[in-house]
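Each chain is listed here by its residues.
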Amino acid sequence: MSSMNLTTLECQYLYKAYPTRNGLVSALENVTFSVKDQEFVCIVGPSGCGKTTLLKLIAGLLEPTSGQITFHSGLSGNQQRTALVFQEHGLFPWMTVLDNVGFGLETKGISRKERQGHVLPVIEKVGLTSFINNYPHELSIGMRQRVGIARAFVVNPQILLMDEPFGSLDAQTKLLLQEELLRIWKDYQKSIIYVTHDIEEAIYLGDRLLVMTSRPGHIREEIHIPFHRPRDLFIKEQPDFTKVHWHIWKILEEEVRKTL
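Keep in mind that this is a model prediction, so the values were computed, not measured.

Student: Give a detailed account of the layout of surface pockets, specifying residues and quantitative values.
Tutor: In this model, the largest pocket occupies a volume close to 320 Å³. Forming the walls of the largest pocket are 16 residues, and the residues nearest its centre are Gln 80, Ala 83, Leu 84, Arg 151 and Ala 152. Listed by contribution, the elements that provide at least two residues to the lining of the largest pocket are strand 5 (80–86), helix 3 (103–106) and helix 5 (141–154). When residues in the lining of the largest pocket are grouped by element, the largest group, five residues, is from strand 5. By volume, the second largest pocket amounts to about 210 Å³. As for the second largest pocket, its lining consists of eleven residues, of which Leu 182, Arg 183, Lys 186, Pro 230 and Arg 231 are closest to the centre. Split into classes, the residues belonging to the lining of the second largest pocket amount to five nonpolar, no polar and six charged.

This is how it looks when you write it as C-alpha cells:
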C-alpha cells in the first residue's frame, strides 16, 4: 500500500461532554490520534468509554465540545467522507438487497440504471448475487450484515467507520465475515476505523490498535500489530499474538477495575 504514509484523518484534543440534570458528563477527553490512507485501525476499550461517541464525531453526527477533526484529502466525484456500519445493520425492511445497497447512491440523485452499475459488483464481492431481489427478513443475520457492509463500501467513503459490526454474530459466522472484510478492504483500499470489544478480533484485523481508558475516554496506548498481510487464522496460534493479547487484556482489566 504505497500511499499508507499519507494521513487521511487527524483528531486533535477531542473533548465531548453531555448535559445532564447533574451537570456536564464527560464522555471523551483529550483524544488525539491520526489515521493513514488505507490503514486499518482498531479501537478497544471498556464499556462506556466513548468509542461509539468518537465514531459519531468523526462521521459528523455529533459536534465535539472542543478539539478538532481534520480530513487531509479532497473528495472525488460522488465520494463522501465517511460511512458508518453498526452492529444493527439498519436495513430497510421494505427494500430488496439491491435497493438497500444502493440507497446511499439514490439519495445522491443517481439513476437506478447507473446505481446498478456500482452496486452489482459490490454485492458480488460480499457473495449475495443470488439474493439481490430478497428482502431483509429472508436473510440470515450474517447476510444482513454483509448487505450493510456492501452499502457502506458502495458510496466510496474515504473512511469506513465500523462499530462492533460482528458483535451479534455466532463465532463461526464472525470468523468468516472477518476474512471477507479483510478481502474486500484489500480490494477497495479504504481507511477503516473499527470499534470492537473483542481483543482477538482487533489484533487479527488491525494494522494498529488504540486502547482507550475508562470514561472519560482517551487514548491510553497505541499498539502496532507485528503481523504481515495477508493474514489467516493461524496467526492466532503464534506466541506474538498471545503476547499482544495479554498486554491489551492487562490494560483493559486495569481500566475496568477503576470503574468498580
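Student: Before we move on, could you go through the pairing of strand 7 (residues 191–195) and cite the residues and values that matter?
Tutor: The buried count for strand 7 comes to five of five residues, which makes it a mostly enclosed element. Residues of strand 7 alternate between two faces, with Ser 191, Ile 193 and Val 195 on one and Ile 192 and Tyr 194 on the opposite face, all of them buried. For strand 3 (residues 40–44) and strand 7, the ladder comprises four bridges, and the chain directions are parallel. Of the residues in strand 7, the one forming a bridge with Cys 42 is Tyr 194. In terms of strand pairing, strand 6 (residues 157–163) meets strand 7 through five bridges, oriented parallel. Considered in strand 7, the bridge of Leu 161 is made with Ile 193. What joins strand 6 to strand 7 is helix 6 (residues 171–188), and the crossover it makes is right-handed.

Student: Give a detailed account of the nonpolar core, specifying residues and quantitative values.
Tutor: Residues Phe 40, Tyr 194, Ile 203 and Ile 248 are the most contacted members of the largest nonpolar core, which totals 52 residues. At seven residues, helix 5 tops the list of elements feeding residues into this core. Setting aside residues up to four positions removed in sequence, Ile 203 forms contacts with Leu 209, Ile 225, Phe 227, Arg 231, Phe 241, Val 244, His 245 and Ile 248. Counting residues in hydrophobic clusters, the runner-up holds 21 residues, among them Val 31, Leu 55, Leu 57 and Ile 159.

Student: Describe unusual backbone geometry, with residues and values.
Tutor: The omega angle of the peptide bond from Arg 215 to Pro 216 is -5 degrees, so this bond is cis rather than trans. Among the structural elements, Pro 216 can be located in the loop between strand 8 (208–212) and strand 9 (219–224). With an omega of 0 degrees, the peptide bond between Arg 229 and Pro 230 qualifies as cis. Mapped onto the secondary structure, Pro 230 falls in the loop between strand 9 and helix 8 (239–258). The phi angle at Asn 156 is positive, at roughly 60 degrees, despite the residue not being glycine. When you line up the elements, Asn 156 lands in the loop between helix 5 and strand 6. By relative accessible area, which is 30% here, Asn 156 ends up partly exposed. The phi dihedral of Glu 164 is positive, around 45 degrees, even though this residue is not glycine.

What counts, and where the lines are drawn
- Residues numbered from 1 in each chain as written.
- Predicted model: local features only at pLDDT ≥ 70, side-chain atom pairs only at ≥ 80, totals over all residues.
- Heavy atoms only, no water.
- 1 Å grid on protein atoms, 1.4 Å probe; cavity = no way out; pocket = protein on both sides within 12 Å on 5 of 7 lines; lining within 4 Å.
- Points joined across faces, edges and corners; volume = space filled by probe spheres on them.
- Helix = DSSP H or I, 4+ residues; strand = E, 2+ residues; numbered from the N terminus.
- Nonpolar A, V, L, I, M, F, W, Y, C, P; charged D, E, K, R; others polar.
- Buried < 20%, exposed > 50% of the residue type's maximum accessible area, 1.4 Å probe, protein only.
- Pairing = 2+ DSSP bridges.
- Right-handed = clockwise from strand over helix to strand, strands pointing away.
- Core = buried A, V, L, I, M, F, W, Y, C linked by side-chain atoms within 4.5 Å.
- Contact = heavy atoms within 4.5 Å.

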